[in-house]
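So you can see what is in the structure, the chains are spelled out below.
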Amino acid sequence: DLDSVRSHFESCPTDPMAVAKVIDLFRDHKFPRKLADKVVEDFGSDAPQVIVDNPYILLAYRRVGWKGVDTFAMETIGYPKDGIGRQRAAFAESIRILSEDGHTYCSLDDAIFTAHGLIKQKVTEEAIESLADLGQIVVWTADLQRYVALTSLYRAEQTIADRLSLLSMSSVEPLETINFDGLEKEQADAIRNAEEFPVSLIAGGPGTGKTFTIAHYLSQVIEQTAGSVLVIAPTGKAAKRAEEVLAARLQTDRVKFSTIHRALGFTVGSEEPEGVPEANAKRGRGRVSSGYMFHETNPLPYSRIVIDELSMVDVQLFASLLRAIPVGTQVLLVGDQDQLPSVGPGSVLRDLMHRIPTTELVAVRRNAGRIVKACHALKNGKVPEPSQDLNLAEGENWVHIECSDLNMIAETIVDLHRSVKTFDPKWEMQVVTPQNSGLPVACDNLNRLLSNYINPCRSAVNPDDELPRFRVGDKICRTKNATVDQLIDNGESYEDIFEDYDNAKT
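Before going into details, it helps to say that this report is about the structure given with it. Predicted, not measured: the structure shown is a model, and the values here were computed from it.

Rules used in this analysis
- Position labels on residues start from 1 in each chain and follow its written sequence.
- Reporting of local features is limited, given that this is a predicted model, to residues whose pLDDT is at least 70; pairs of side-chain atoms are given and counted only at 80 or more, and all residues count toward the totals for whole chains, interfaces and linings.
- Side-chain figures throughout are based on the complete set of non-hydrogen atoms in the structure, without hydrogens or water.
- Classification of residues uses two cut-offs on accessible area relative to the type maximum, computed with a 1.4 Å probe and protein chains only: under 20% is buried, over 50% is exposed, and between them is partly exposed.
- Helix and strand labels come from DSSP, where a helix needs a run of H or I of at least four residues and a strand needs a run of E of at least two; each type is numbered from the N terminus.
- When DSSP finds two or more bridges between two strands, those strands count as paired.
- Handedness of a crossover: with both strands directed away from the viewer, a clockwise path from the first strand across the helix to the second marks it as right-handed.
- Whenever a carboxyl oxygen of Asp or Glu lies within 4 Å of a side-chain nitrogen of Lys or Arg, that contact is scored as a salt bridge.
- Any two residues whose heavy atoms approach within 4.5 Å are treated as being in contact.
- Throughout, the protein atoms alone are placed on a 1 Å grid, and a set of points is a cavity if a 1.4 Å probe fits but cannot get out or a pocket if it is open with protein on both sides within 12 Å along at least five of seven lines; lining residues have an atom within 4 Å of a point.
- Grid points are joined across faces, edges and corners, and a volume is the space filled by probe spheres set on the points.
- For this classification, Asp, Glu, Lys and Arg are treated as charged, while Ala, Val, Leu, Ile, Met, Phe, Trp, Tyr, Cys and Pro are nonpolar and the rest, including Gly, are polar.

Concerning the pairing of strand β9 (residues 304-307)
On β9, burial covers both faces: R304 and V306 on one face and I305 and I307 on the other are all buried. By the bridge criterion, four bridges tie strand β5 (residues 229-233) to β9 in an arrangement that is parallel. For I232, the partnering residue across the bridge sits in β9 and is I307. Summarising the sheet, β9 and strand β10 (residues 330-335) pair through four bridges and their orientation is parallel. Considered in β10, the bridge of V306 is made with L332. Each parallel crossover has a hand, and for β9 linked through helix α14 (residues 315-323) to β10 it is right-handed.

Describing the pattern of salt bridges
Should the charged atoms of two oppositely charged side chains come close, the side chains can pair. For the structure shown, the criterion picks out 14 salt bridges. Among the ionic pairs, R370 bridges to E396, the shortest N-O distance being 2.6 Å. Placement of the pair is R370 in helix α16 (residues 370-379) and E396 in the loop between α16 and α17 (406-419), with a sequence separation of 26 residues. By relative accessible area, R370 is classed as partly exposed at 22%. Its relative accessible area of 23% is what places E396 among the partly exposed residues.

Considerations on the environment of L390
You can see L390 is positioned in the loop between α16 and α17. Ignoring anything within four residues of it in the chain, the contact list for L390 reads E396, N397, W398 and V399.

Focus: empty space enclosed by the protein
Here the structure, examined in full by the defined rule, presents two cavities of 30 Å³ or more. Estimated volume of the largest cavity: approximately 60 Å³. Taken together, S311, D336, Q337, Q339, L340, P341, S342, S347, L349 and R350 make up the lining of the largest cavity. Classifying every residue of the lining of the largest cavity gives three nonpolar, five polar and two charged. Top contributing element to the lining of the second largest cavity by residue count: helix α6 (residues 84-99), with three residues.

Laid out in structure tokens, this is it:
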């Protein structure tokens with residue numbers, strides 16, 4: 001379609017001929033629609049030749065995986081199977097694969113073994129050394145064993161160690177007096193640590209009083225100091241929960257609640273070459289790359305910072321956060337060491353428990369009912385007992401329903417929505433399943449069954465007719481943390497966005 005091609009070139013800020021050549025290279029492969037533009041933006045008119053010389057540079061872009069790039073390199077470019085570029089890419093990819101299990105580094109042997117699974121041949125020492133020379137990996141020897149890490153993860157851990165050491169040696173203005181009324185001994189110990197050490201950690205499972213202890217301490221900070229306090233968490237839900245619990249107790253505007261990314265001021269790059277944005281602009285002309293507004297030379301303006309739900313923070317995010325915390329700021333870390341680790345590489349909370357002053361809260365204090373007791377029973381190697389009947393007022397909030405047939409499980413879930421009397425089945429009930437499709441208890445089937453009950457399609461004459469995927473009034477799960485306009489600004493195409501929305505679950 002010449003009109004659509006012409007329109008594409010007119011809106012493209014890069015060399016249209018180079019884009020056309022790259023699109024032609026990609027014609028038999030399902031790469032993202034904007035990939036050609038992005039590669040030409042990075043490499044200019046030389047982009048087509050750069051791709052031919054080393055097609056594995058495409059692995060640096062979003063939504064591009066090893067299998068697609070390797071197939072493209074072999075089939076379209078004719079890249080040699082034993083080419084050093086292929087070996088380097090496979091070795092770097094193997095470390096990245098291992099990092100998906102949470103590892104920030106691995107043994108050299110494990111990386112070589114994983115890379116062999118990708119290219120069916122052993123990576124040469126020359127390829128490994130050249131990767132290190134290019135600054136993409138770091139290789140070292142310890143206890144007669146060779147280890148390797150992606151440079152980005154290696155530097156993140158170095159930054160964490162250096163910044164924590166620096167912060168821990170600083171001095172923080174202490175409180176004149178500390179009121180321990182109403183606190184258990186371990187809660188009082190946590191507050192003493194927070195006052196004695198510039199960086200400290202409060203760990204503990206659900207119901208052990210972590211939030212109560214923080215509120216008790218911050219109330220005295222607000223009374224006795226003039227500085228401002230920042231309470232942050234890695235996710236919006238965790239930050240909102242902290243705000244709901246603490247704001248009501250503290251009742252002051254000197255405590256700010258935020259996600260870590262928002263507090264650091266994540267900025268989005270712009271393709272517009274002209275103009276200079278405001279200093280606090282989140283996006284706009286003049287910003288050539290994404291990054292954080294607050295860092296070493298522009299630190300966060302708070303005297304005390306509380307980082308909640310630390311178990312969900314990976315090493316790279318934590319490193320970025322520590323870079324933005326100035327010397328002399330008191331840092332209080334909070335989290336549950338028995339929660340699942342962060343999605344990204346690293347186990348920040350568990351590692352820090354052995355390296356900084358830590359108070360672990362053990363005794364269950366909050367009357368949160370059967371669920372909290374079950375969590376602690378599982379942690380202690382015991383089999384928890386469910387409630388006989390639901391009685392939320394009494395904390396009997398966990399019932400086990402024995403059902404082994406998958407179709408019967410799905411029917412039971414729908415029946416539970418039909419039988420509730422005290423809940424709104426649409427807005428106050430939530431179903432969690434580990435399967436997306438293919439099974440009666442997968443998201444697709446459960447969404448269909450529940451949507452037909454909770455939000456029936458009024459235009460359907462025959463119940464067996466094919467119903468629309470989404471209906472007015474459906475609940476949906478948002479998978480992109482931005483509006484459509486913001487995604488377009490960030491270089492996403494409408495096709496990619498709505499493909500994502502089509503994969504969202506009601």
